[in-house]
Amino acid sequence: MASLVHETRLANTMTMKTAHNETNGFQAILEGKESDLLHILRKRDGIVIEKSADQMDEIQYATERDLAIRNVDRESNLLRDVKDALRRIQEGSFGTCEECESSISPKRLAAVPWAALCIQCQEAAEQARNNGTEPLAADLPNAA
Ligand SMILES: [Zn+2]
């Protein structure tokens, strides 16, 4: 039993190893993601802005429309990230942080193949963005 677990772990470790031709796998994943997103966005192009004389309906439609637009925003951003990642594969810079130029961990790339930043730079970027909007009081329990 134990040796079976060990062998499975070994196999996982081997597939996790970063080799140069590993980008081929990521390219396939990213191309699949790109066509998914293009498909979704094409369908969303058909969003009809509905008009109603009833004010309650107006609000309802406006909310649905806002939500749809937000989703399109998110998917457009993701599509841009995916395309950037495909470009980096062509350029041979895939897997390298755009900010500090250290290599992005294979674990992170497996979870987010279109990641442009290493986890440290990503967190720093998110923190900078959060600091601009709301205080992080909840994150500082030992501040006093
Ligand atoms: Zn970095």
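Residues numbered from 1 in each chain as written. Predicted model: local features only at pLDDT ≥ 70, side-chain atom pairs only at ≥ 80, totals over all residues. Heavy atoms only, no water.

*Asks:* Sorry if this is basic, but what is going on with the overall build of the protein chain here?
*Replies:* Each helix and strand in the protein chain was counted, giving five helices and zero strands. Element order for the protein chain, N to C, with α for helix and β for strand: α-α-α-α-α. Residues classed as buried in the protein chain amount to 20% of the 144 residues present. A sequence separation of at least 24 residues applies to 53% of the contacts in the protein chain between residues at least 6 apart. For the protein chain, the exposed surface amounts to about 11,000 Å²; the carbon and sulfur share of it is 54%. (Helix = DSSP H or I, 4+ residues; strand = E, 2+ residues; numbered from the N terminus. Buried < 20%, exposed > 50% of the residue type's maximum accessible area, 1.4 Å probe, protein only. Contact = heavy atoms within 4.5 Å. Areas by Shrake-Rupley, 256 points an atom, 1.4 Å probe, with all protein chains shown as cover.)

*Asks:* Quick question: what am I supposed to make of the pattern of salt bridges here?
*Replies:* Close approach of charged atoms allows side chains with opposite charge to pair. Counted under the stated rule, the structure contains four salt bridges. Across the salt bridge formed by Asp84 and Arg87, the nearest N and O atoms sit 3.8 Å from each other. With Asp84 and Arg87 both in helix H3 (residues 55–91) and three residues apart, this pair spans about one turn of that helix. With a relative accessible area of 26%, Asp84 lands in the partly exposed category. The residue Glu91 makes a salt bridge to Arg87 at a minimum N-O spacing of 3.2 Å. (Salt bridge = Lys/Arg side-chain N within 4 Å of Asp/Glu carboxyl O.)

*Asks:* I would appreciate a short explanation of the coordination of the zinc ion in the present structure.
*Replies:* Note on metal sites: the ideal angle is 109.5 degrees for four tetrahedral donors, and 90 or 180 degrees for six octahedral donors. Protein ligation of the zinc ion involves Cys97 (SG), Cys100 (SG), Cys118 (SG) and Cys121 (SG), the donor distances falling in the range 2.3 to 2.4 Å. Note that the zinc ion binds four donor atoms; their angles at the metal cover 106 to 114°, and the shape is tetrahedral. Going along the chain, you hit the donors of the zinc ion in the pattern C-x2-C-x17-C-x2-C. Taken as a pair, Cys100 in the loop between H3 and helix H4 (106–111) and Cys121 in helix H5 (residues 119–133) lie far apart in primary sequence, 21 residues in all. (Donors = N, O, S within 2.8 Å, 3.2 Å for Na, K, Ca; no water. Tetrahedral: all angles 85-135°; square planar, octahedral: opposite > 155°, others 65-115°.)

*Asks:* Got a minute to help me understand the layout of surface pockets in this structure?
*Replies:* With a probe scaled to a water molecule rolled over the atoms, the places where space remains empty come into view. Each pocket or cavity is described by its volume, and for the largest pocket that value is around 400 Å³. As for the largest pocket, its lining consists of 15 residues, and the residues nearest its centre are Asp81, Arg108, Ala116, Leu117 and Gln122. Taken together, the elements giving at least two residues each to the lining of the largest pocket come down to H3 and H5. Taken together, the residues of the lining of the largest pocket break down into six nonpolar, one polar and eight charged. (1 Å grid on protein atoms, 1.4 Å probe; cavity = no way out; pocket = protein on both sides within 12 Å on 5 of 7 lines; lining within 4 Å. Points joined across faces, edges and corners; volume = space filled by probe spheres on them. Nonpolar A, V, L, I, M, F, W, Y, C, P; charged D, E, K, R; others polar.)

*Asks:* How do you make sense of H3 when you look at a structure like this?
*Replies:* Every α-helix winds through 3.6 residues per turn, so residues three or four apart in the chain are directed the same way. Compared with the 54 Å implied by 1.5 Å per residue over 37 residues, the 53 Å span of H3 between its first and last C-alpha is a close match. Those residues of H3 not exposed but buried are Ala68, Asn71, Glu75, Leu79, Val82, Ala85, Leu86, Arg88 and Ile89. Elements in contact with the buried residues of H3: helix H2 (23–44). (Expected span 1.5 Å × (residues − 1).)

*Asks:* Whenever I open this one, the environment of Ser102 confuses me. Can you help?
*Replies:* Considering the arrangement of structural elements, one finds Ser102 in the loop between H3 and H4. Classification of Ser102 by relative accessible area gives partly exposed; the value is 31%. When near neighbours in sequence (up to four residues on either side) are disregarded, Ser102 contacts Gly95, Thr96, Cys97 and Cys118.

*Asks:* I keep staring at the packing of H2 against H3 and nothing clicks. Help me out?
*Replies:* Geometrically, a packed helix pair is captured by the angle between its two axes and the distance between the axes. Relative to each other, H2 and H3 sit at 150°, their axes nearing to 9 Å. Comparing their axes, H3 and H2 come out roughly antiparallel. For H2 against H3, the interelement crossing comes out left-handed. Facing H2, whose interface residues are Thr23, Phe26, Gln27, Leu30, Glu31, Lys33, Glu34, Leu37, Leu38, Ile40, Leu41 and Arg44, H3 presents Asn71, Val72, Glu75, Ser76, Leu78, Leu79, Val82, Lys83, Ala85, Leu86, Ile89 and Gln90. Of the residues contributing to the contact of H2 with H3, the split by class is 13 nonpolar, five polar and six charged. (Axes fitted to C-alpha atoms, helices over the stretch in contact; angles between N-to-C directions. Parallel < 35°, antiparallel > 145°, perpendicular 65-115°, else oblique. Left-handed = near helix turned anticlockwise from the far one by under 90°.)

Nothing here speaks to function; it is geometry throughout.
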